[in-house]
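Here is what each chain is made of, one letter per residue.
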Amino acid sequence: SAGLFFGLVFGRSPLTMASIRAATSLLGLALVSSSKTSYYDGAPNGSYEEYVFAMEWQPQWSQPPYCDLDIATMLAEPTSYAAAHLSVHGLWPNYNASLHDGQSWPQFCVRSDSEDFTTCEHDSYSDSYCSPSADALAKFNTTDYWQTYALQYAFGTSDLATHEWSKHGSCTVWTSEEYFTQIDTM
């Protein structure tokens, strides 16, 4: 696995700081691993029971072979938040596997509006809906939030925002702006 990820798992009720604090106090911080789990490519969107709020240890990304000059420069600053804290990776819809034939999560979903995000998985995000909308990027990419808590989203030097939207956000019922708003509220 390429990175160190942590995640909080909680139900589909509205995402609030209170529900996140409750999930933290009840569940603690759980290591999300790349163990043998299964996923459902092309699942219908909106069909899941819980979320994983995934976070990552950002300094790891400034090391070879993952080095990103913009992120490495930010981490070199002694006051950098990401140098000493977990950073946002994404918000992932998650299944109760017992309700989905052993499947653990949906990914690259198919929406009822004919957007088939399975095409985003292998062809470099060529369909316009594979990427977050220009409005979503304009709203969040210029904020202190992404520049502080989600460095890989902020600079556009990696495709993390596009990857998270097409792989995970597509499985929600939200637009890309609503998806990143949910992440922003956490």
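Bear in mind that the values here come from a model prediction, so they are computed numbers and not experimental data.

Visitor: Can you help me understand the nonpolar core in this one?
Guide: The nonpolar side chains of soluble globular proteins are, as a tendency, buried together. Formed by 30 residues in total, the largest nonpolar core has its most connected members in Leu-91, Trp-146, Tyr-153, Phe-180 and Ile-183. Residue assignment for this core shows that the elements contributing at least two residues are strand E4 (50–57), strand E5 (86–94), helix H4 (134–141), helix H5 (144–149), helix H7 (160–167) and helix H8 (176–185).

Visitor: Honestly, the state of the cysteines in this entry has me stumped. Any pointers?
Guide: Covalently bonding the sulfur atom of one cysteine to the sulfur atom of another cysteine gives a disulfide. Throughout the structure, instances matching the rule amount to two disulfides. Here Cys-109 engages in a disulfide with Cys-171; their sulfurs sit 2.0 Å apart. As the torsion about the S-S bond is roughly 95°, the Cys-109-Cys-171 disulfide counts as right-handed. In this pair, Cys-109 sits in the loop between strand E6 (105–107) and helix H3 (118–122) while Cys-171 sits in the loop between H7 and H8, placing the two residues 62 residues apart along the sequence.

Visitor: What am I meant to see in the packing of H7 against H8 here?
Guide: In helix packing, the relevant descriptors are the interaxial angle and the interaxial distance, both defined with respect to the helix axes. With their axes 11 Å apart at the nearest point, H7 and H8 run at an angle of 105° to one another. Relative to H8, the element H7 is oriented roughly perpendicular. Of H8, the residues touching H7 (which contributes Ala-161, Glu-164 and Trp-165) are Ser-176, Tyr-179 and Phe-180.

Conventions and cut-offs
- Residues numbered from 1 in each chain as written.
- Predicted model: local features only at pLDDT ≥ 70, side-chain atom pairs only at ≥ 80, totals over all residues.
- Heavy atoms only, no water.
- Core = buried A, V, L, I, M, F, W, Y, C linked by side-chain atoms within 4.5 Å.
- Buried < 20%, exposed > 50% of the residue type's maximum accessible area, 1.4 Å probe, protein only.
- Helix = DSSP H or I, 4+ residues; strand = E, 2+ residues; numbered from the N terminus.
- Disulfide = S-S within 2.5 Å.
- Axes fitted to C-alpha atoms, helices over the stretch in contact; angles between N-to-C directions.
- Parallel < 35°, antiparallel > 145°, perpendicular 65-115°, else oblique.
- Contact = heavy atoms within 4.5 Å.

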